[in-house]
Amino acid sequence: VLANDTRLRILHALVRAGELGVSELGDTLGMKVQAISNQLQRLFDLGILESRREGNNIYYRLVDACVQGLLE
């Protein structure tokens, strides 16, 4: 999971911010929303992230303490 550069950048951004939406991640990482969404879905499916919906926006946060420890 951590061998993918995009996923690693997403996880670092989420550790720093706590919670971000897909467009905020796109702006932060300078990437297209579609590329980020695909990687977020993989991280979510693995139980590393949780999400919440607010209107049309979905916000993600890191919930796997092991991954956070590895990133630190």
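See the structure shown above.
Residues numbered from 1 in each chain as written. Predicted model: local features only at pLDDT ≥ 70, side-chain atom pairs only at ≥ 80, totals over all residues. Heavy atoms only, no water.

Caption draft 1: Region of the structure containing the side chain of Gln39. Along the chain, Gln39 falls in helix α3 (residues 33-45). On the accessibility criterion, Gln39 (13% relative accessible area) is buried. Among all residues touching Gln39, those that are not within four sequence positions of it are Asn4, Thr6, Arg7 and Ile10. (Helix = DSSP H or I, 4+ residues; strand = E, 2+ residues; numbered from the N terminus. Buried < 20%, exposed > 50% of the residue type's maximum accessible area, 1.4 Å probe, protein only. Contact = heavy atoms within 4.5 Å.)

Caption draft 2: Representation of the sheet that holds strand β3 (residues 57-62). Read across the open sheet, the three strands follow the order β1-β3-β2; overall the sheet is antiparallel. For this open sheet the edge positions go to β1 (20-21) and β2 (49-54), each flanked by a neighbour on one side alone. Taken together, the two bridges between β1 and β3 define a ladder with antiparallel strand orientation. What sits directly across from Leu20, in β3, is Tyr60. Lying over the sheet, α3 contacts β2 and β3, oriented at roughly 120° with respect to β2. (Pairing = 2+ DSSP bridges. Axes fitted to C-alpha atoms, helices over the stretch in contact; angles between N-to-C directions.)

Caption draft 3: Representation of the nonpolar core within the structure. Formed by 17 residues in total, the largest nonpolar core has its most connected members in Ile10, Leu11, Leu25, Ile36, Leu40, Ile48 and Leu49. Contributing elements (two or more residues each) for this core: α1 (5-17), α2 (22-29), α3, β3 and α4 (65-71). Examining the composition of this core, we find that four residues originate from one element, α1, more than from any other. (Core = buried A, V, L, I, M, F, W, Y, C linked by side-chain atoms within 4.5 Å.)

Caption draft 4: How the structure looks around the pattern of salt bridges. Under the defined criterion, the tally for this structure stands at four salt bridges. Residue Glu19 is joined to Arg52 by a salt bridge in which the shortest nitrogen-to-oxygen separation is 2.8 Å. Taken together, the residues span a long stretch of sequence, with Glu19 in the loop between α1 and β1 and Arg52 in strand β2 at a distance of 33 residues. For Arg52, a relative accessible area of 32% translates into the label partly exposed. Among the ionic pairs, Arg52 bridges to Glu54, the shortest N-O distance being 2.8 Å. (Salt bridge = Lys/Arg side-chain N within 4 Å of Asp/Glu carboxyl O.)

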